[in-house]
Amino acid sequence: LKENLSLNNPIVTILDDEDDGNLAANDISLREAIVHSQDGSKVSFDNSLKNKTILLTRGELRIDKNLTIQGFDNGQVTINGNIDRSHS
């Protein structure tokens, strides 16, 4: 059984697109931050991810609660939906 884990104001620390149940502070993906955040939380990004790209490999991100996703004041994190538009 997967335990019901909950995060309050998580910091995304890895670029991987995963939800492996490991919510150690140095292993939180954007997907895990969104899935496991408490309603009303603020999701932010570790400085090590500044000017990097998160490639979504597990499909769309579903946000079903009230969240704030806070980027950087200087620099950015790019979220690539991994969609090939050349065939549309």
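Quick look at the structure, then. (Residues numbered from 1 in each chain as written. Predicted model: local features only at pLDDT ≥ 70, side-chain atom pairs only at ≥ 80, totals over all residues. Heavy atoms only, no water.)

Right, let's talk about the pattern of salt bridges for a bit. Pairing between side chains of opposite charge can happen when their charged atoms approach one another. Taken as a whole, this structure holds two salt bridges when the rule is applied. Between Arg31 and Asp17 there is a salt bridge, with its nearest N and O atoms 2.6 Å apart. With Arg31 in helix α1 (residues 30-36) and Asp17 in the loop between β1 (11-12) and α1, the pair connects residues that are 14 residues apart, well separated along the chain. Grouping residues by exposure puts Arg31 and Asp17 together as buried. Among the ionic pairs, Asp64 bridges to Arg62, the shortest N-O distance being 3.3 Å. Owing to a relative accessible area of 62%, Arg62 belongs among the exposed residues under this scheme. (Salt bridge = Lys/Arg side-chain N within 4 Å of Asp/Glu carboxyl O. Helix = DSSP H or I, 4+ residues; strand = E, 2+ residues; numbered from the N terminus. Buried < 20%, exposed > 50% of the residue type's maximum accessible area, 1.4 Å probe, protein only.)

Within this structure, the stated rule accounts for one aromatic pair. Measuring from centroid to centroid gives 6.5 Å for Phe45 and Phe72, while their planes differ by 45 degrees, and the two rings are tilted. Placement of the pair is Phe45 in strand β2 (residues 42-45) and Phe72 in the loop between β4 (68-69) and β5 (77-80), with a sequence separation of 27 residues. For Phe72, a relative accessible area of 17% puts it in the buried group. (Phe/Tyr/Trp six-rings, centres within 6.5 Å; stacked < 30°, edge-to-face > 60°.)

Take the nonpolar core next. Grouped together as the largest cluster of nonpolar side chains are 15 residues, with contacts concentrated most on Val12, Leu30, Val43, Phe45, Ile54 and Val77. Of all the secondary structure elements, the ones that give two or more residues to this core are α1 and β2. For this core, the element with the most residues is α1, which contributes three residues. Not counting residues within four places of it along the chain, the set of residues in contact with Val43 comprises Pro10, Val12, Leu30, Ala33, Ser37, Leu67, Thr68, Ile69 and Gln70. (Core = buried A, V, L, I, M, F, W, Y, C linked by side-chain atoms within 4.5 Å. Contact = heavy atoms within 4.5 Å.)

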